[in-house]
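Overview (structure and organization)
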Amino acid sequence: MENTINGISQILSNWWTEFRADFTNNFIDENRWQFLWKGLLCTLQITFFAAIIGIVIGFMVALIRTTHMHTGKLRGLEAVCRLYTTVIRGTPVVTQLMIIYYVIFASVNIDKTLAAIIAFGINSGAYVAEIVRSGIMSIDRGQIEAGRSLGFGYVKTMWYIVMPQALKNILPALANEFIALLKETSVSGYIATQDLAKAGDIIQSRTYSAYMPLIAVALIYLVLVVGLTAGVNRLERRLGRSDNR
Amino acid sequence: MITVKNLCKTFGTLEVLRDINETIERGEKVVIVGPSGSGKSTFLRCLNLLEPPTSGEIWFEGTQINSPDCDINLVRRKMGMVFQHFHLFPHLTILENITLAPIKLKIMDKSSAIEKARKLLARVGLTDKENAYPAQLSGGQKQRIAIVRSLAMNPTVMLFDEPTSALDPEMVGEVLDVIRELADEGMTMVVVTHEMGFAREVATRVLFMDEGRIVEQNTPREFFGSPKNPRTIEFLSKVIA
């Protein structure tokens, strides 16, 4: 009995010593944690600005397509939008990223982070567009008719009546899209952007640690996602007031 | 007040309205009855162009409203519309539902719009609901609010599209009371309904539609007392047991 306990505590203590050494080696020595910190900032920067581009493109595309559906106008623009969604959703984001950096901006000396922002923004726009479009179409046509019958034009009806309701319905899906976006930016290392995932690689290449940098990177992503989810839940509750019965 | 000339409406190959000519004078209460699929709702919805006519002319207060130079949004402010399924705005409180259009279309400032809304709410007995959301109301209450929402725009004519068809039987009365009161005050109205008792009592004129045409029309007394057209007779024998 005593032997077993001694054995276990010996194993634990060995593991702990090893863990501490590994931790120090990976994050403390030569201030290697700074790679993670800078990588985190880079990831957040890419995600944030890409999300903004995605929202702008996504809403424009969705509004063009639904306007076409409701009124029959904007035929040409609608075709362009449909092509955009098809191409972006039909090809992998890594490929898009590399095409943007190595082909489209090949002759220009563009900042890698900026290239990533543009690539992920354009990519996210297609998904946001589909989410927003489904949100608008989920609103009963009677809402539009009620707005129009009161004398609102099409644009004002969309603005005051349809969009507030659509936005509320799509908020969870939109949040999921941005959480997915945050994680997808981890492939921006393909164009040598020094984002969070890449920071893990860099540390690994110096310390040859098999798991420590990877686990650290995973934990940071997890914390970000959990935080984001909590924020969205709060927003949803605030928007849900009119559902009270 | 409203004149309809040679109105036709087709959905694809389906002819819903066939060459309708009709005039509705100020102060009239016109009730439209007929079997389902006869085109009565489509006819009503053509009057404020929620359904654009395939051909023909719609005139309202001296202007042709289905011509390209007419701003239909301005015309619709004068034509209140009440739907079968209410279509209240679920994301807004009752007070906001009523004041949205007058405020955002800059017809009234905020305080006078609210004041007017409260007066109208008091009229339909729903003062205590002003901060409720539509989901918290019964069907009859929702429809009364929908009527108030239209009235807040000071329309000169009210269009009712089967206003009681989606209600529980016990709530039909409270909605009809409000409409009846409006009628008594002289509001011009066009009502599509299946409530024959209401038609008999409130209408100044009853139109009977069948297969996209107005087959017969008369005063309610004549219409219900001595219908002429065989189709009308058959319809009335079915709906009035």
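Refer to the preceding data block for the structure.
Residues numbered from 1 in each chain as written. Chains lettered and ligands numbered in written order. Predicted model: local features only at pLDDT ≥ 70, side-chain atom pairs only at ≥ 80, totals over all residues. Heavy atoms only, no water.

Here helix H4 (residues 93–104) of chain A has its buried residues at A:Val93, A:Val94, A:Gln96, A:Leu97, A:Ile100 and A:Tyr101. Residues of H4(A) that are buried make contact with helix H3 (75–90), helix H5 (112–137) and helix H7 (154–184) of chain A. (Buried < 20%, exposed > 50% of the residue type's maximum accessible area, 1.4 Å probe, protein only. Helix = DSSP H or I, 4+ residues; strand = E, 2+ residues; numbered from the N terminus. Contact = heavy atoms within 4.5 Å.)

A few words now on a nonpolar patch on the surface. Residue and element names in this part refer to chain A. Taken together, the side chains of Trp-15, Trp-16, Tyr-211, Ile-215, Leu-219, Leu-222 and Val-226 make up a nonpolar region of the molecular surface, amounting to roughly 730 Å² of accessible area. When residues of the nonpolar patch are traced back to their parent elements, those giving at least two are helix H1 (2–28) and helix H9 (212–239). Element by element, the count of residues in the nonpolar patch is highest for H9, at four residues. Mapped onto the fold, Tyr-211 is located in the loop between helix H8 (196–207) and H9. (Patch = residues over 30% accessible without salt bridge, like charges linked within 9 Å, V, L, I, M, F, W, Y side chains within 5 Å. Areas by Shrake-Rupley, 256 points an atom, 1.4 Å probe, with all protein chains shown as cover. Salt bridge = Lys/Arg side-chain N within 4 Å of Asp/Glu carboxyl O.)

Applying the stated rule across the entire model yields 11 aromatic pairs over all chains. Centroid distance A:Trp16 to A:Phe19: 5.8 Å. Interplanar angle 10 degrees. Geometry classified as stacked. Pair noted here: A:Trp16 and A:Phe19 are both in helix H1, with a separation of three residues, about one helical turn. Its relative accessible area of 45% is what places A:Trp16 among the partly exposed residues. What makes A:Phe19 partly exposed here is its relative accessible area of 23%. Within the aromatic cluster, the residues linked to one another by ring pairs are A:Trp15, A:Trp16, A:Phe19, A:Phe23 and A:Phe27. Above the plane of the ring of B:Phe89 lies B:Arg149, whose end atom (NZ or CZ) is 4.4 Å from the centre. (Phe/Tyr/Trp six-rings, centres within 6.5 Å; stacked < 30°, edge-to-face > 60°. Lys NZ or Arg CZ within 6 Å of the ring centre and 35° of its normal.)

What follows concerns the pattern of salt bridges. All names here are of chain B. Tallying each qualifying case throughout the model produces 22 salt bridges over all chains. For Asp-177, the salt bridge goes to Arg-180, with nearest N and O atoms at 2.7 Å. With a gap of three residues between them, Asp-177 and Arg-180 both fall in helix H6 (residues 169–184), about one helical turn apart. Looking at Asp-177, the relative accessible area reads 40%, which means it is partly exposed. Two residues, Glu-201 and Arg-180, come together in a salt bridge whose shortest N-O distance is 2.8 Å. Of this pair, Glu-201 sits in helix H7 (residues 196–202) while Arg-180 sits in helix H6; the two residues are 21 residues apart in sequence, bridging distant segments of the chain. We classify Glu-201 as exposed; its relative accessible area is 51%. In this structure Arg-180 comes out as partly exposed when scored by relative accessible area, which is 21%.

All names here are of chain B. Pairing is mixed across the open sheet formed by six strands, whose spatial order is E6-E7-E8-E3-E9-E10. Looking along the sheet, the strands with just one partner apiece sit at the ends: strand E6 (79–82) and strand E10 (213–218). The average undirected angle you get between the axes of adjacent strands in this sheet is 20 degrees. In this structure, strand E9 (residues 205–210) lies alongside E10, joined through five bridges in antiparallel fashion. Bridge assignment links Met-209 to a residue of E10, and that residue is Ile-214. Across the sheet, H6 is in contact with strand E3 (29–33), strand E7 (157–161) and strand E8 (188–192); its angle to E8 comes to roughly 145 degrees. (Pairing = 2+ DSSP bridges. Axes fitted to C-alpha atoms, helices over the stretch in contact; angles between N-to-C directions.)

Purely geometric stuff here, so don't read any function into it on its own.
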